[in-house]
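For reference, the chains in residue letters:
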Amino acid sequence: MELNRQNNPNPESAEEYPSEEEVNRRVEISSEIIPSKPEASVEIGEEKVYHRKDTSCSSSSNPCIFRTPFPGLEFQEPQLASIGPYHKGKILPLEKYKYSFLEKFMSRTRNQGKDLCFYVRHMMTLEWRIRRCYTEDFPMSSAEFVEMILVDGCFIMEVLRHRDRSEESEDGFFPIEPWQIPILVQDLLILENQIPFFVLEKLFDLSESEEGTATVSLPTRALKFFDLAFPRSMDFSCKSNHLEANHLLDLFLESIRPSNPSTISNSLHLFLNTVQLKMMVIPKSVYSILKKTNTRNQAGVSKIAEDQDQPLRPLPNINPKLKDICPDRSPNHSPPSVHLIKRVMELRTSDIEFRPRRADKFADINFKNGVLAIPPVTINDLFLTILINCVAFEQRSKRSSKDLTAYVSFTCRLIRHPTDVEVLCSNGIISRFSHNDEKVAVFTIALVKSF
């Protein structure tokens, strides 16, 4: 498929902004899609295409798709498919199938007059709005950029559509193996691997509106796909229709936020006031969130947060990796920038009991009568991907709440040695299907250090 277009590297200097009708007239298609050639290019138009409307990511001009603030941590690069501009050009296993997915997407609506030209027109009118969703200016021509967005968007839509269909496709084409689904879910939840959600909504509306079969909303369809690797409560699907999101990671984050953040805040305050206050200090990230959500205990929390860190006991037989990340402290070492909560093994000596808790959201922590109840989790690659990228998005976004950051700050500081992991495993809080104790401890300490 080839469309021709000259590019203006400086869109702001354009003297006039054509209407959508003018955009439609300027698009000419010179050949059909060639699914077998993933290198097929989209060359758009013969003249400049700019649109006066849709010039921001949302109601604000703030970007919503960022570079990670934790560049040294794992689980932040795609393994099967790159989405969007940050990782474009990487040779990944599913890249060669993207144009086949594009052809399959187009084949369902050609008989309605919605061919490649139709979809390209709509993506062209959204181009500058899409570009402003990213924190970087990419040296890509309009042709390259629109091609990337359309191809990646159709790839995602076909993946989600396949999950939502009970019958097998007519031609049986779906090159993604079942064992690859959890890895693909990871890829779609990486902060740097996103395209704006309004692009997917546009493709969804244009392709489904006249079929009469769109009984499931796009947010619900996406969350059902994520459920294949990270199941959630069944009754959550009825609420997903009302979720608003900047991209797929944002949508997923909204679906896992604590059910009642203020209740959890109260539980954490009670927990902090129960455990030997003079020997315990609050992480700054947790403190800032508790301060906003519970002003009644603000004075007491402030006093705790101002205390000096207490020396940590030496960790027996610690792996060298752990020593590098969390070295023993001595009076000669300056205090770290982030305060520390006592770890699991130390809390046990303070008569704190750990129990698993049944809850719809894994961040719904509760503390009552000396029992710290934490919903069970399986700490595998997918869960670590979720934690890192959700926290990374919360840290970068000016408008996002910091609920998951508080959860990660609290729980990760409970785990500073493999023996802490062992205790939580024995209590049923960390699943036996998780990574080994040492790997979990190394990761949690590294994540806390990155804050």
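Calculation notes
Throughout this document, residue positions are counted from 1 along each chain, in the order its sequence is written. With pLDDT at 70 or above as the cut-off, local features in this predicted model cover only qualifying residues; side-chain atom pairs require 80 or more to be listed or tallied, and sums for whole chains, interfaces and linings still use all residues. To obtain the side-chain values, all non-hydrogen atoms of the structure were included, while hydrogens and water were left out. Secondary structure elements are taken from DSSP: a helix is a run of H or I of four residues or more, a strand is a run of E of two residues or more, and numbering for both begins at the N terminus. Exposed residues in this analysis have more than 50% of their type's maximum accessible area, buried residues have under 20%, and partly exposed residues fall in between, with area computed by a 1.4 Å probe over protein chains only. For every accessible area listed, the method is Shrake-Rupley and the probe measures 1.4 Å; residues are considered covered only by the protein chains on display. By convention a nonpolar core is built from buried Ala, Val, Leu, Ile, Met, Phe, Trp, Tyr and Cys residues, the set being connected through side-chain atoms within 4.5 Å. Note on contacts: a residue pair is in contact if any heavy atoms of the two residues lie within 4.5 Å. Stacked, edge-to-face and tilted are the three classes for Phe, Tyr and Trp ring pairs, Trp counted by its six-membered ring, which pair at centre distances within 6.5 Å; planes under 30 degrees apart are stacked, over 60 edge-to-face, the rest tilted. Definition used for salt bridges: Asp or Glu carboxyl oxygen within 4 Å of a side-chain nitrogen of Lys or Arg. For the purposes of these results, a polar contact is taken to be a pair of N or O atoms within 3.5 Å, where, inside protein, one atom must be able to donate a hydrogen and its partner to accept one; residues adjacent in sequence count only when each atom of the pair is a side-chain atom. A helix is expected to reach a length of 1.5 Å times the quantity of its residues less one. Whether two strands pair depends on DSSP finding at least two bridges between them. A fitted line through C-alpha atoms serves as each axis, taken over the contacting stretch for helices, and the angle formed by two N-to-C directions is quoted from 0 to 180°. Here the word oblique covers every angle except those under 35 degrees (roughly parallel), over 145 (roughly antiparallel) and from 65 to 115 (roughly perpendicular). If you view the pair so one helix is near and one far, a crossing is left-handed when the near helix is turned anticlockwise from the far one by less than a right angle, and right-handed when it is turned clockwise. Residues are grouped as follows: nonpolar covers Ala, Val, Leu, Ile, Met, Phe, Trp, Tyr, Cys and Pro; charged covers Asp, Glu, Lys and Arg; every other residue, Gly included, is treated as polar. The predictor attaches a confidence to each residue, called pLDDT, with possible values from 0 through 100.

So what's going on with the overall build of the protein? Which residues, and what values?
The helix and strand inventory of the protein stands at 18 helices and 3 strands. Taking all 451 residues of the protein together, the buried fraction comes to 55%. As presented, the protein carries roughly 21100 Å² of accessible surface, and 48% of it is formed by carbon and sulfur atoms.

Kindly report on the nonpolar core, identifying the contributing residues and their values.
In summary, soluble globular proteins display a tendency toward joint burial of nonpolar side chains. Core analysis: the largest hydrophobic core is formed by 112 residues, its most contacted members being Tyr-134, Leu-150, Phe-362, Leu-372, Tyr-407 and Leu-414. The leading source of residues in this core is helix H4 (residues 142-164), at 12 residues.

Summarise the side chain of Thr-109; cite the residues concerned and give the values.
Relative to the elements of secondary structure, Thr-109 occurs in the loop between helix H2 (98-107) and helix H3 (116-131). On the accessibility criterion, Thr-109 (0% relative accessible area) is buried. Filtering out sequence-adjacent residues up to four positions away, Thr-109 remains in contact with Lys-114, Tyr-119 and Ser-207.

Report on the packing of aromatic side chains, specifying residues and quantitative values.
Under the counting rule described, the total for this entry stands at 16 aromatic pairs. Arranged with centres 6.1 Å apart and planes meeting at 45°, the rings of Phe-66 and Phe-393 form a pair that is tilted. Here Phe-66 is found in the loop between helix H1 (20-26) and H2, whereas its partner Phe-393 is found in helix H15 (residues 381-396), with 327 residues between them in sequence. Using a relative accessible area of 1% as the deciding quantity, one classes Phe-393 as buried. Ring geometry for Phe-101 and Phe-155: centres 5.1 Å apart, planes at 85°, overall edge-to-face.

An account of the pattern of salt bridges is needed here, citing residue identities and associated values.
One pass over the structure, following the stated rule, counts 13 salt bridges. With its nearest N and O atoms 3.5 Å apart, the salt bridge here joins Glu-192 to Arg-67. Residue Glu-192 is located in the loop between helix H5 (181-188) and helix H6 (197-208), and its partner Arg-67 is located in the loop between H1 and H2; the two are separated by 125 residues in the primary sequence. Under the relative-accessibility criterion, Arg-67 is labelled partly exposed at 29%. With a closest N to O distance of 2.7 Å, Arg-355 and Glu-353 form a salt bridge.

Which residues make up the side chain of Gln-186, and what values do they have?
With respect to the secondary-structure elements, Gln-186 resides in helix H5. Here Gln-186 falls in the buried class, since its relative accessible area comes to 7%. A polar atom in the side chain of Gln-186 sits 3.3 Å from the side chain of Thr-385. Those residues in contact with Gln-186 that lie beyond four places of it in its chain are Gln-79, Asp-381, Leu-382 and Thr-385.

Summarise unusual backbone geometry; cite the residues concerned and give the values.
Phi at Phe-75 is positive, roughly 65°, even though this residue is not glycine. Here Phe-75 lies in the loop between H1 and H2.

Quick one: what's the story with helix H16 (residues 403-414), residue by residue and with numbers?
Its 12 residues place the ends of H16 17 Å apart at the C-alpha level, agreeing with the 16 Å of an ideal helix rising 1.5 Å per residue. Turning to H16, its buried residues are Asp-403, Leu-404, Thr-405, Ala-406, Tyr-407, Val-408, Ser-409, Phe-410, Thr-411, Cys-412, Arg-413 and Leu-414.

Account for the environment of Leu-347, with residues named and values stated.
Structurally, Leu-347 is set in helix H14 (residues 344-348). With 67 residues separating them in the primary sequence, Leu-347 and Leu-414 have C-alpha atoms 8.7 Å apart.

Help me get a handle on the environment of Met-124, residues and values and all.
Relative to the helices and strands, Met-124 is located in helix H3. Taking the C-alpha atoms as reference, Met-124 lies 6.4 Å from Val-146; in sequence the two are 22 residues apart.

Explain the environment of Phe-354 to me, using residue names and the numbers behind them.
Among the secondary structure elements, Phe-354 is positioned in strand E1 (residues 353-356). A sequence separation of 73 residues divides Phe-354 from Asn-427, and the C-alpha atoms of the two residues are 6.6 Å apart. Once residues lying within four places of it in the same chain are set aside, the contact partners of Phe-354 are Val-344, Leu-347, Arg-348, Leu-372, Leu-414, Leu-424, Asn-427 and Ile-429.

Describe the sheet that holds E1, and please don't skip the residues or the numbers.
Two modes of strand pairing occur in sheets, parallel and antiparallel, and in both the strands are linked by backbone hydrogen bonds. As summarised here, the arrangement of the 3 strands in space is E1-E3-E2, forming an open sheet in which the pairing is mixed. The two strands at the open ends of the sheet, each matched to only one other strand, are E1 and strand E2 (366-368). Geometrically, the sheet is characterised by an average inter-axis angle of 25° between neighbouring strands, direction not taken into account. Examined bridge by bridge, E1 and strand E3 (residues 371-374) share 4 bridges and lie parallel to one another. Note that in E3 the partner of Glu-353 across the bridge is Val-371.

Explain the packing of H16 against helix H18 (residues 437-450) residue by residue, including any values.
In contact at an axis separation of 9 Å, H16 and H18 are set at 130° when each is read in the N-to-C sense. In terms of their interaxial angle, H16 and H18 are classed as oblique. Here H16 and H18 pass one another in a crossing that is left-handed. Counting all contacts with H16, which are made through Val-408, Cys-412 and Arg-413, the residues of H18 involved are Thr-444, Leu-447 and Val-448. A breakdown of the residues in the contact of H16 with H18 according to their chemical character gives 4 nonpolar, 1 polar and 1 charged.

Lay out the confidence of the model for the protein with the relevant residues and their values.
Across the protein, the average pLDDT comes to 76, with 64% of residues at 70 or higher. Mean pLDDT values over the elements of the protein span from 36, in helix H12 (residues 298-306), up to 97, in H5. Here residues 1-18 is a poorly scored stretch, pLDDT under 50, and it has 60 contacts once near neighbours within four places are set aside; other chains count. Throughout residues 293-340 the model reports pLDDT below 50, and contacts reaching past four residues in sequence, or to other chains, amount to 75 contacts.

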